[in-house]
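# Close look at the chain arrangement
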Amino acid sequence: YLAKIELFQKNALFTKLITSLGAYPIERGKGDRRAMNTSLEFLRKGHALVIFPEGTRSPSGELQEVKDGLAVLAQRSGAPVVPVAIVDADRVWRRGQRLPRFGGRIIVRVGTPFVIAPDAPDVRGDARREGGERRERESVKRAATPQESG
């Protein structure tokens, strides 16, 4: 999975832990070509890649703006996107809080996979990207909404 570069600068033990869990650093807010190329190589080999498309945790729990990277990787690799919503994490482990609140409950919901075809128009920085971002947001929102039974 991609993790902000700052997490690799905390301390050697933490860096070793997240690296052993498959994390590699990304410089957020920039076009990190190294992270993009590593991600593409990983996806082309058929591996799964966890990306937090908002780039950070939401302080309110509301879905934030989705960054370009997910759509670009999905388009260039042809890999399916599996939207996953992590619900109530903001209540259990708030930003800046050292440890999670015990007794809290986090719900993980998985949505319907979709593909952005490699031959589709470029998804970066224009109305087409906004359409892809809207699709990603809607997919995550559907995943976050409990399904009616019956």
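Just so we're clear, the structure is a prediction, and the values are computed from it rather than from any experiment.

This paragraph deals with the pattern of salt bridges. This model, assessed by the stated rule, comprises two salt bridges. With a closest N to O distance of 3.3 Å, Lys 45 and Glu 41 form a salt bridge. The class for Lys 45 is exposed, based on a relative accessible area of 57%. Taking the relative accessible area as the measure of exposure, Glu 41 reaches 46% and is therefore partly exposed.

A few words now on a nonpolar patch on the surface. A cluster of nonpolar side chains, contributed by Val 50, Phe 52, Val 82, Val 84, Ile 86, Ile 106, Val 108 and Val 110, occupies part of the molecular surface with about 710 Å² of accessible area. Residue assignment for the nonpolar patch shows that the elements contributing at least two residues are strand 3 (84-87) and strand 4 (107-110). As for its position among the elements, Ile 106 is in the loop between helix 4 (89-92) and strand 4.

Another aspect to go through is helix 2 (residues 33-44). For helix 2, with twelve residues, the first-to-last C-alpha span of 16 Å sits near the 16 Å given by 1.5 Å per residue. Among the residues making up helix 2, those that are buried are Ala 35, Ser 39, Leu 40 and Leu 43. One face of helix 2 carries all of its buried residues, which in axial projection span an arc of 130°. Counted as exposed and oriented over 90 degrees from the buried face of helix 2: Arg 33 and Arg 44. Within two residues after helix 2, Gly 46 carries a phi angle of roughly 90°, on the positive side.

This part takes up the environment of Gly 104. Its location among the elements puts Gly 104 in the loop between helix 4 and strand 4. In this structure, the C-alpha to C-alpha distance between Gly 104 and Ala 89, residues 15 residues apart in sequence, is 8.7 Å.

Once that is clear, we can look at a positive patch on the surface. A cluster of basic residues, Lys 4, Lys 10, Arg 28, Arg 57, Lys 67, Arg 95 and Arg 98, forms a positive patch at the surface. Position of Arg 57 among the secondary structure elements: in the loop between helix 2 and helix 3 (68-77). For Arg 57, a relative accessible area of 42% puts it in the partly exposed group.

Okay, the nonpolar core next. Counting residues in each nonpolar core, the largest one holds seven residues, listed as Leu 2, Tyr 24, Leu 40, Leu 43, Leu 49, Leu 73 and Ala 79. Beyond its immediate chain neighbours, meaning those up to four positions away, Leu 40 contacts Leu 73, Arg 76 and Ser 77.

When two helices pack together, you describe them by how their axes are tilted relative to each other and by the distance separating the axes. The interhelical angle for the contact between helix 2 and helix 3, taken along N-to-C directions, is 45°, at an axis separation of 10 Å. Here helix 2 is positioned oblique relative to helix 3, judged by the angle of their axes. Along this stretch, helix 2 crosses helix 3, giving a crossing that reads as right-handed. Where helix 2 abuts helix 3, its residues Met 36, Ser 39, Leu 40, Leu 43 and Arg 44 lie against Gly 69, Val 72, Leu 73, Arg 76 and Ser 77. Across the contact of helix 2 with helix 3, the residue classes break down as five nonpolar, three polar and two charged.

This part is about the environment of Arg 105. Take Arg 105: it is sitting in the loop between helix 4 and strand 4. Remark: the alpha-carbon pair of Arg 105 and Val 92, spanning 13 residues in sequence, is separated by 6.8 Å.

Let us now look at the environment of Trp 93. Considering the arrangement of structural elements, one finds Trp 93 in the loop between helix 4 and strand 4. Taking the C-alpha atoms as reference points, Trp 93 and Gly 104, separated by eleven residues in sequence, lie 8.8 Å from one another. Of note is the side chain of Trp 93, whose polar atom sits 2.9 Å from the backbone oxygen of Gln 97.

So, how was this worked out
Residues numbered from 1 in each chain as written. Predicted model: local features only at pLDDT ≥ 70, side-chain atom pairs only at ≥ 80, totals over all residues. Heavy atoms only, no water. Salt bridge = Lys/Arg side-chain N within 4 Å of Asp/Glu carboxyl O. Buried < 20%, exposed > 50% of the residue type's maximum accessible area, 1.4 Å probe, protein only. Patch = residues over 30% accessible without salt bridge, like charges linked within 9 Å, V, L, I, M, F, W, Y side chains within 5 Å. Areas by Shrake-Rupley, 256 points an atom, 1.4 Å probe, with all protein chains shown as cover. Helix = DSSP H or I, 4+ residues; strand = E, 2+ residues; numbered from the N terminus. Expected span 1.5 Å × (residues − 1). Arc of directions from axis to C-beta. Lys, Arg positive; Asp, Glu negative; His and termini not counted. Charge placed at Lys NZ, Arg CZ, Asp CG, Glu CD. Core = buried A, V, L, I, M, F, W, Y, C linked by side-chain atoms within 4.5 Å. Contact = heavy atoms within 4.5 Å. Axes fitted to C-alpha atoms, helices over the stretch in contact; angles between N-to-C directions. Parallel < 35°, antiparallel > 145°, perpendicular 65-115°, else oblique. Left-handed = near helix turned anticlockwise from the far one by under 90°. Nonpolar A, V, L, I, M, F, W, Y, C, P; charged D, E, K, R; others polar. Polar contact = N/O pair within 3.5 Å; in protein donor to acceptor, adjacent residues only side chain to side chain.

As far as function goes, none of this settles anything; it's purely spatial.
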